[in-house]
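A look at the structure
Letter by letter, the chains look like this.
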Amino acid sequence: MSIRRRTLLATLATLGALSMTPALAQAKTDFKVAWSIYVGWMPWGYASDAGIVKKWADKYGITIEVTQFNDYVESMNQYTAGAYDAVTLTNMDGLSIPAAGGVDTTAVIVGDFSAGNDAVILKDGAALADIKGRDVNLVEFSVSHYLLARALDSVGMSEADVKVVNTADPDMVGAFQTPDVTAMVTWNPMVSEIKALPGATSVFDSSQIPGEIIDLMVANTTVLADNPDFGKALAGIWYETVTLMVSDTPEGAAARAAMGAASGTDQAGFEAQLAATKLFDKPADAVAFTTSPDLGKTMDLVRTFLFDKGLLGSGAASADVIGIELPGGVVLGDEANVKLRFTDTYMKMAADGAL
Amino acid sequence: MRLINIKPGRGTQVILACVPFVLLALAYVIGSALRLAENSNDKLLPALSTMAQTINTMAFTPDKRTGEYLLWSDTLASLGRLAAGLGISTALALILGLLTGILPVVRALMSPFVAFVSMVPPLALLPVLFIVLGLGEVSKIALIVIGVAPILIRDLCLTAMALPREQIVKAETLSASTWLIAIRVVLPQVLPRLIDSLRLQLGPAFLFLIAAEAISADSGLGYRIFLVRRYLSMDVIFPYVAWITLLAVLMDVGLNALRRRVFPWSDLERGQ
């Protein structure tokens, strides 16, 4: 690409950005939801294909357009830029991307937490301590980076004891097979493929920090406040789909097979990934998890990690710069700048059968 | 007077050249102000003052973790890769281009192969390169060489073949050997063209460099852009894009100046 062409593209991108208006607060009937491929988010794609989305949207007299993104980061960026009303993301990315970008965001559904889907894998090493001095390939500043920090912390080491090399997630499996890669942190489905390679040992995984890597469906707080029906519809779609997905019936098996195929594996592969995921298929469990004091402790660990890495904004004076509201109105950090909110409102409605 | 005959004066030319730049800057400032009025933490179109602050952090403040000045260490890493890639490509082009241009036997041997290789889309080969050559520097440099060298070779070969046949015959009548003709007749005449085609390949070379750095690296201009992309840090991305463009423009101007200095006659040939 010539320099001139690149400048032209940059110009077009700027003009495109100019024409994008931030989501305006008002009652509306058309909503856009973005999701990306991950075991805990596959129900969204299935719900869209199986007509469950339309069923709940019709019930509340709205329309919901569900779009799959091949690129997780791009889906979050689009949401932050205001092009989507809701998106699937992890608790950590929710804080560092939309919340740090000034977009007030509410977690409508706490879908699951990773209980083995993320892992630290060594080549020719039996224990985590063997990681000392190695180059570690991972997606920098992602949940993998967080997992590495927590893993090193658990054996009294710090990031200074290793060297982090940023590597794109689609290339992880291939990269592990090259001689100069000896340590890696990544997530499923890559983890299960890498663990099957000769010489690979998983020395630490997210089941050792249960409940810290949480997968959410978040929505713009203003949009949600003006349109509570949108939140209700999302909760309705989610619990109908996961109930079907975990059921031991031919329909449930068909749903798992379809989700497995959509994520590039099969029913057995998908069920193996589900086993490493603590899915909240019952709304009451999700409410209990969200309202437990542990969530506050987790978010404190996460915001401290993000602050240490400079990801809460260059002007951030402390980890308190962004307020995180927990159910019950407790605020972690700056109460005047609450940008990430956890609520059990919609999940509780589902639990009470009030949808 | 017809529009086709109206030529701007020197001053008008400068002003006209500035107009698109000013308009772009103006559009940016207005758009940024609008978005920031809506949400003061908006990251998409950061204010110029935010960008200035970020530039200060990236370029003139040592990084907390490594103690390095990030912009400079990134620039150094990227330019090192670029120099190695372009250097190897140029050397290959000189040797292979000259050989295929001068010797019909080598041309018969190499020309179809080089033509074939030059059509391979280098980015499509990237996953293969990373497996075969590892994630280190070698695969990044190899990507630049694969992308740039075949085109340089073909261009040099075509330039050598386009030289008037009479020159070669004349040199032969003066009893010059093949070696002497290559070194004294052909080489000096193709070198200015080599510099020009290198200039034209700067853009693709940067493209390949950034693509390789986006996939796996621990420093570099492309690495930084794709790292902060995750956080929508346009205050880092915009200055980095401007800096890369500036570097490429400077290289282009520098190479052109080199050509004029070393081969002053090459401008005469163009009737300039």
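Preceding block: the structure.
This write-up is about the structure you can find in this document. (Residues numbered from 1 in each chain as written. Chains lettered and ligands numbered in written order. Predicted model: local features only at pLDDT ≥ 70, side-chain atom pairs only at ≥ 80, totals over all residues. Heavy atoms only, no water.)

Residue and element names in this part refer to chain A. If you walk through the whole model with that rule in mind, you get 13 aromatic pairs over all chains. Ring geometry for Phe69 against Tyr84: centres 5.5 Å apart, planes inclined by 80°, an arrangement best described as edge-to-face. Of this pair, Phe69 sits in strand β2 (residues 63-69) while Tyr84 sits in the loop between α4 (72-81) and β3 (86-90), and the two are 15 residues apart along the sequence. With 5.0 Å between their ring centres and 40° between their planes, Phe280 and Phe289 make a pair best called tilted. In this structure, Phe280 and Phe289 share a single accessibility class: buried. Cluster of aromatic residues (ring-pair linked, three or more members): Tyr38, Trp41 and Tyr72. The ring of Phe176 carries the charged tip of Lys123 above its face, separated from the ring centre by 5.1 Å. (Phe/Tyr/Trp six-rings, centres within 6.5 Å; stacked < 30°, edge-to-face > 60°. Helix = DSSP H or I, 4+ residues; strand = E, 2+ residues; numbered from the N terminus. Buried < 20%, exposed > 50% of the residue type's maximum accessible area, 1.4 Å probe, protein only. Lys NZ or Arg CZ within 6 Å of the ring centre and 35° of its normal.)

A few words on unusual backbone geometry. All names here are of chain A. Omega for the peptide link from Asn188 to Pro189 comes to 10°, which places this bond in the cis form. Its location among the elements puts Pro189 in the loop between β8 (183-187) and α8 (190-195). One non-glycine residue with positive phi stands out, namely Asp124, at about 50°. Within the secondary structure, Asp124 sits in the loop between β5 (118-123) and β6 (135-138). Its relative accessible area of 65% is what places Asp124 among the exposed residues.

Turning our eyes to something else, we now look at the sheet that holds β5(A). Strand order across the open sheet formed by 6 strands is β9(A)-β5(A)-β8(A)-β6(A)-β7(A)-β1(B), with mixed pairing between neighbours. This sheet does not close on itself; its edge strands, each paired only once, are β9 (200-205) of chain A together with β1 (216-217) of chain B. Here 4 bridges tie β6(A) to strand β7 (residues 163-167) of chain A, and the two strands are oriented parallel to one another. Following the sheet pairing, Leu138(A) is matched in β7(A) by Asn166(A). (Pairing = 2+ DSSP bridges.)

Another aspect to go through is the interface of chain A and chain B. Taken together, the contact between chain A and chain B spans 45 residues of the former and 36 residues of the latter. Roughly 3,600 Å² of surface becomes buried between chain A and chain B when both sides are summed, with 58% attributable to carbon and sulfur atoms. At the boundary of chain A with chain B, the tally comes to 3 salt bridges. A salt bridge links Glu74(A) to Arg229(B); its shortest N-O distance comes to 3.8 Å. For the interface between chain A and chain B, the tally reads 11 residue pairs in polar contact (both at pLDDT 80 or more). Of all the secondary-structure elements, those providing two or more residues to the side of chain A that touches chain B are α1 (3-19), α4, α5 (91-99), β7 and α7 (172-176) of chain A. (Contact = heavy atoms within 4.5 Å. Buried area = accessible area lost by both parts, 1.4 Å probe. Salt bridge = Lys/Arg side-chain N within 4 Å of Asp/Glu carboxyl O. Polar contact = N/O pair within 3.5 Å; in protein donor to acceptor, adjacent residues only side chain to side chain.)

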